[in-house]
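Close look at the chain arrangement
Each chain is listed here by its residues.
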Amino acid sequence: MKRFLIVSLVFLTLGFRASADEGMWLLPYLQKLNIKDMKAKGFKLKAEDIYNLNQNALKDAIVIFGGGCTGEVVSDRGLLLTNHHCGFGSIQKLSSVEHDYLKNGFWAMTDQEELPAEGLTVTFIRRIEDVTDQIVPNLSDTLKEWDRDDRVRELADQIIAKTDKKESETVQIEEFFGGNQYLMITTEVYRDIRLVGTPPMSIGKFGGETDNWMWPRHTGDFSIFRIYTAPDGSPAAYSENNVPYAAPVHLSISLKGYKPGDFSMIIGFPGSTERYMSSFEIDEVLSIDNPNRIFIRGERQELMKEDMLASDRVRIQYASKYASSSNYWKNSIGMSRGLKKLNVKGEKEQIERDLTAWINASPERIAKYGKALEMKKRAVEGRKPYTHVYQYINEALVGGVELVNFASWGGQLLNEGQDSIDMEQVGRLKSSAAAFYKDFNAPTDRKIAKRMFRIFAENVDPEKQPTVFATIREQYGNDFDRYVDDLFDRSIFADSNRLNQFLANPDPQVLVNDPAYQAYRSIAERRAEMRKKVVEYNEDFFQGHRLFIAALMEMNPDKKYYPDANFTMRLTYGQILPYKPADAIEYDYYTTLGGVMEKEDPENPTEFTVPDKLKELYRTKNYGEYGVKGIMPVCFLTNNDITGGNSGSPVMNAKGELLGLAFDGNWEAMSGDVAFEPELQRTIVVDIRYVLFIIDKFAGDTRLIDEMTIVR
């Protein structure tokens, strides 16, 4: 059940400090843990209106969008809202120089014009059930951690096997609180998803990387899709005969606005947190994880951007890759800054001292929990050198050089013994290759590869480097440029024509001798070695982590606990509030279209361009029913507790009506992923009135407005 984890591969998250607005809560426990506090803050509904095991509720309008975002159904015909940056990858795949939907936007004026987004899925959560009592009592305290995991998988398989479900549903069991709780989650995936509308990047990504994670914000970060089903309503692959999803529940949209102190609620899928992070792990983040990511991605992004600015074709090809890389790159910069400035390590150390004193006050506690912190510390310190190399391999070589990553197909093509070709895999590679080469520019990757191989050699102990680096030293005189040029000049994977010629008559010896495949094999072997070393230390880490959480919960039995995020459905509630980021500075809780006009910058046209039509709408104050007293709201702030994966989540008022879409956090609280900062931490939201204004007045796609249930 437990996935492989090292700090460099997870979203690092919040601390333990209790706050009324802190917490990502599991929906089945709202009645027990949260509803009283929610109502005290102004919530008007019942817990059953949010989650009901036997009837439809608000949760049935919220979906996992793709593989890492949230979306919400806003009509009875399966119309779906999410962030522009969540739909960005699908929009990019549908774009070309001739049809540049990234730059110009796209609006379907009829169902027939909606564009199938190949590979995109949305996932509904059908049921969530606690099965802890069927698992934990059957686990022995004497089991080693990996043996414990095996036993959990065995028990989970038994539970799932006797669970009733529809053919289209999937059942899985997830762990919470480090393995102290288990929930069974039933999902249903829909695979025919179509692009309905998206604003141009000058609206949907206004501010670009400069404004990312910043407030004040003026970004119309939304896109619109639709779910399609087979005629009988069941999930189905794309077909012209499919029909819009008949949604049993969809969110109503409020045009009534908000004021400071108003209740706000978010339901979504926060990705991955480590809220019970130790002080030792913070050291690892600050000394290895974030510095490595900041440096490697920064170098790669600079080279990508050079080529993107020089060519529209390359800009489209690399837009999604660049955005994906730079988002967490900037997050890491802000996180390190906040961790140091707010002394988060000191807070964690105090928690550890308090827990140690409580454990040492009882022989029974010492026997049960006495080794928990030491196990975590020993594991973190022991894995550091291997974590460093593993991250460098992933960031610089596997994730950094597209050619090397694509050459991994060689291992799938070769049958065991490497003396023959698996012809079934040949067909699969032909299909994958078409998608790969569409968004691959060999000159860009060649330039990046030269830099990535060089910085890897400069920052990783030669004894831990893949054997390909010995080849570079011995056969190429340590000349990385010459090696990479030879790699791209000779590899069948570097050029679509070469690969297609090979696939027409595949020869296993050609593949075995291919330089890109040889590089990949060398890198993969060293990566597996480093992973194995980290896993060895992680056995102690996970056991210590599980015991650490159990001890905290036992030490404070009256506290309301929420588990780490693991991309399962959660609810967070709070208020719409401004904040003071620093001495003598106060930020208001909303922004307006006037701020968009103020930010226009001809010197930075890639980030701060304003479309002429938007300027005209502003000049004439043609806001329709979406403006307020001659002002067009754009974004607003709440103090809700979210993290990666919540992008696209609905932000709702006290009646469960949609106010906007969550899309970012604020720079001053980037350390909030490790310790929640109630005075600073804010969620940045695109106002639903700005979304509707763009759809209606800017795009003229009024049929979408007519579909929605709007509360005026």
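This text goes with the structure placed above it.
Reading the values: the criteria
- Residue positions are counted from 1 within each chain, in the order its sequence is given.
- Thresholds applied to this predicted model are a pLDDT of at least 70 for local features of residues and 80 or more for the giving and counting of side-chain atom pairs; totals over whole chains, interfaces and linings are not thresholded and use all residues.
- The side-chain numbers reported here are obtained from all heavy atoms of the structure, hydrogens and water having been left aside.
- Comment: elements are numbered from the N terminus, with helices defined as DSSP H or I runs of at least four residues and strands as E runs of at least two.
- Radius of gyration here uses only the C-alpha atoms, and the compact-globule reference equals 2.2 Å multiplied by the residue count raised to the power 0.38.
- Whether two residues are in contact is decided by their heavy atoms, any of which lying within 4.5 Å being enough.
- For every accessible area listed, the method is Shrake-Rupley and the probe measures 1.4 Å; residues are considered covered only by the protein chains on display.
- The charged-residue count follows a simple rule in which Lys and Arg add positive charge and Asp and Glu add negative charge, with His and chain termini not counted at all.
- All charge positions are set by atom: Lys at NZ, Arg at CZ, Asp at CG, Glu at CD.
- Nonpolar core, defined: a set of buried Ala, Val, Leu, Ile, Met, Phe, Trp, Tyr and Cys residues in which side-chain atoms within 4.5 Å join the residues together.
- Buried residues are those whose accessible area, probed at 1.4 Å on protein chains only, stays under 20% of the maximum for their type, while exposed residues exceed 50% and partly exposed ones sit between those limits.
- Two aromatic rings from Phe, Tyr or Trp, using only the six-membered ring of Trp, form a pair when their centres are within 6.5 Å; if the ring planes differ by under 30 degrees the pair is stacked, by over 60 it is edge-to-face, and anything between is tilted.
- Here, over-ring charges are defined by two tests on the NZ atom of lysine or the CZ atom of arginine: distance to the ring centre within 6 Å, and angle to the ring normal within 35 degrees.
- Any Lys or Arg side-chain nitrogen located within 4 Å of an Asp or Glu carboxyl oxygen qualifies as a salt bridge.
- Like charges are joined within 9 Å and nonpolar side chains (Val, Leu, Ile, Met, Phe, Trp, Tyr) within 5 Å, but only among residues with over 30% relative accessible area and no salt bridge; these make up the patches.
- What counts as a disulfide here is a pair of cysteine sulfur atoms lying within 2.5 Å.

Before going further, it helps to spend a moment on the overall build of the protein chain. When its secondary structure is counted, the protein chain shows 27 helices and 23 strands. Against the compact-globule benchmark of 27 Å for 712 residues, the protein chain has a radius of gyration of 26 Å, which places it among compact chains. Reported as C-alpha extents along the three principal axes, the dimensions of the protein chain are approximately 75 × 70 × 60 Å. In the protein chain, the share of contacts with a sequence separation of at least 24, taken over all contacts with a separation of at least 6, comes to 79%. Carbon together with sulfur atoms contributes 48% to the accessible area of the protein chain, which is approximately 28,600 Å² in total. Once the 88 positive and 105 negative side-chain charges of the protein chain are each reduced to a mean point, those two points are 3 Å apart.

Ranked by size, the top nonpolar core spans 125 residues in total, and within it Ile-50, Leu-593, Leu-614, Tyr-690, Leu-692, Phe-693 and Ile-695 carry the most contacts. Residues in contact with Phe-693, not counting those within four places in the same chain, are Leu-593, Leu-614, Leu-617, Asn-622, Tyr-623, Tyr-626, Met-632 and Phe-698. Residues Tyr-437, Ile-455, Phe-493 and Met-530 belong to the second largest nonpolar core, which totals 60 residues.

The subject of this paragraph is the packing of aromatic side chains. For the structure shown, the criterion picks out 32 aromatic pairs. Consider the rings of Phe-124 and Tyr-245, whose centres lie 5.2 Å apart with planes at 40°: the pair is tilted. Here Phe-124, found in strand β7 (residues 122-130), pairs with Tyr-245, found in the loop between β12 (243-244) and β13 (253-254); they are 121 residues apart in sequence, far enough to count as distant. Tyr-245 carries the same exposure label as Phe-124, and that label is buried. Aromatic ring contacts, followed pair by pair, group Tyr-392, Phe-453, Phe-456, Phe-469, Tyr-476, Phe-480 and Tyr-483 into a single cluster. Positioned over the ring face of Tyr-228 is Arg-194, at 3.7 Å from the centre of the ring. It is Lys-321 that lies over the ring of Tyr-318; its NZ or CZ is 3.9 Å from the centre.

We now examine the pattern of salt bridges. Within this structure, the stated rule accounts for 48 salt bridges. Residues Arg-226 and Asp-111 are paired through a salt bridge, measuring 3.7 Å at the closest nitrogen-oxygen approach. One end of the pair, Arg-226, is in strand β11 (residues 223-229); the other, Asp-111, is in the loop between β5 (106-107) and β6 (115-116), and 115 residues separate them in sequence. When sorted by exposure, Arg-226 lands in the same class as Asp-111, which is buried. Residues Lys-599 and Asp-211 are paired through a salt bridge, measuring 2.7 Å at the closest nitrogen-oxygen approach. Highlighted residues: Lys-599 in helix α24 (residues 593-599) and Asp-211 in helix α9 (residues 208-211), separated in sequence by 388 residues. When its relative accessible area of 8% is taken as the criterion, Asp-211 is described as buried. If you follow the salt bridges from partner to partner, you end up with Arg-77, Asp-111, Glu-114, Arg-226, Asp-701, Arg-703 and Glu-707 in one network.

Our focus in this paragraph is the environment of Lys-205. Position of Lys-205 among the secondary structure elements: in the loop between α8 (201-204) and α9. The sequence separation of Lys-205 and Asn-83 amounts to 122 residues, and the corresponding C-alpha distance is 10.0 Å. Discounting chain neighbours no more than four positions away, the residues touching Lys-205 are His-84, Phe-88, Thr-219, Ala-323 and Glu-607.

Turning next to a positive patch on the surface. A grouping of Lys-39, Lys-44, Lys-46, Lys-256 and Lys-655 is seen on the molecular surface, where their side chains present a positively charged patch. Within the secondary structure, Lys-655 sits in the loop between β20 (650-652) and β21 (658-665).

This part is about the environment of Ile-333. Relative to the elements of secondary structure, Ile-333 occurs in helix α11 (residues 312-341). Judged by relative accessible area, Ile-333 falls into the partly exposed class, the value being 30%.

Right, let's talk about the state of the cysteines for a bit. If you walk through the whole model with that rule in mind, you get 1 disulfide. One disulfide in the model links Cys-69 with Cys-86; its S-S distance is 2.2 Å. The sign of the S-S torsion, about -80°, decides the handedness of the disulfide formed by Cys-69 and Cys-86: left-handed. With a gap of 17 residues between them, Cys-69 in strand β3 (residues 69-73) and Cys-86 in helix α4 (residues 84-94) connect regions that are remote in the sequence. The two residues Cys-69 and Cys-86 agree in class, both being buried. Free cysteine Cys-635: the closest other cysteine sulfur is in Cys-86, separated by 15 Å. Residue classification places Cys-635 among the buried residues on the basis of a relative accessible area of 0%.

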